[in-house]
Amino acid sequence: MLDMRPNCECCDRDVSPEDSTVLICSFECTWCADCAATFREGRCPNCGGDLTRRPTRTPAKQLGAPVSTIRVHNPNCLSSR
Ligand SMILES: [Zn+2]
Ligand SMILES: [Zn+2]
């Protein structure tokens, strides 16, 4: 099962599960706000889908359900802008 990703797929920066500015698409491609602001029409550069604000997970809940440690990085996101 997919879980919250620990980083922005475009610039590979760490994103916090408590950061309400992080954006995801329906496939849970994960993007920081800075990268998402540069995407054409504000759409996911991987799948072309709508981006929506990622729901946050509180620190208390992270204790029982830690976020994923699998980093997904796709530098090609830059070429699809
Ligand atoms: Zn980014
Ligand atoms: Zn996507």
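The structure presented is a predicted model; accordingly, all values stated were derived computationally and were not measured.

S.K.: How would you explain the coordination of the zinc ion (ligand 1) if you had to name every residue and give the values?
M.R.: Protein-derived coordination of the zinc ion (ligand 1) comes from Cys8 (SG), Cys11 (SG), Cys32 (SG) and Cys35 (SG), at a distance range of 2.3 to 2.4 Å. Coordination at the zinc ion (ligand 1) comes from 4 donor atoms whose angles at the metal span 103 to 114°, giving a geometry best classed as tetrahedral. Residue class for Cys11 comes out partly exposed when judged on its relative accessible area of 35%. Since its relative accessible area comes to 7%, Cys35 is described here as buried.

S.K.: An account of the packing of aromatic side chains is needed here, citing residue identities and associated values.
M.R.: As enumerated under the stated definition, the model contains 1 aromatic pair in all. Between Trp31 and Phe39, the ring centres sit 5.0 Å apart and the planes meet at 80°, which makes this aromatic pair edge-to-face. For the pair Trp31 and Phe39, one class covers both residues: buried.

S.K.: Explain the coordination of the zinc ion (ligand 2) residue by residue, including any values.
M.R.: Taken together, the protein donors to the zinc ion (ligand 2) comprise Cys25 (SG), Cys29 (SG), Cys44 (SG) and Cys47 (SG), at separations of 2.3 to 2.7 Å. Metal-centred angles of 84 to 151° between the 4 donor atoms at the zinc ion (ligand 2) mark the site as irregular. All donor residues of the zinc ion (ligand 2) come from one chain, and their arrangement in sequence is C-x3-C-x14-C-x2-C. In this pair, the class of Cys25 matches that of Cys29, namely buried.

Reading guide: rules and limits
Residues numbered from 1 in each chain as written. Chains lettered and ligands numbered in written order. Predicted model: local features only at pLDDT ≥ 70, side-chain atom pairs only at ≥ 80, totals over all residues. Heavy atoms only, no water. Donors = N, O, S within 2.8 Å, 3.2 Å for Na, K, Ca; no water. Tetrahedral: all angles 85-135°; square planar, octahedral: opposite > 155°, others 65-115°. Buried < 20%, exposed > 50% of the residue type's maximum accessible area, 1.4 Å probe, protein only. Phe/Tyr/Trp six-rings, centres within 6.5 Å; stacked < 30°, edge-to-face > 60°.

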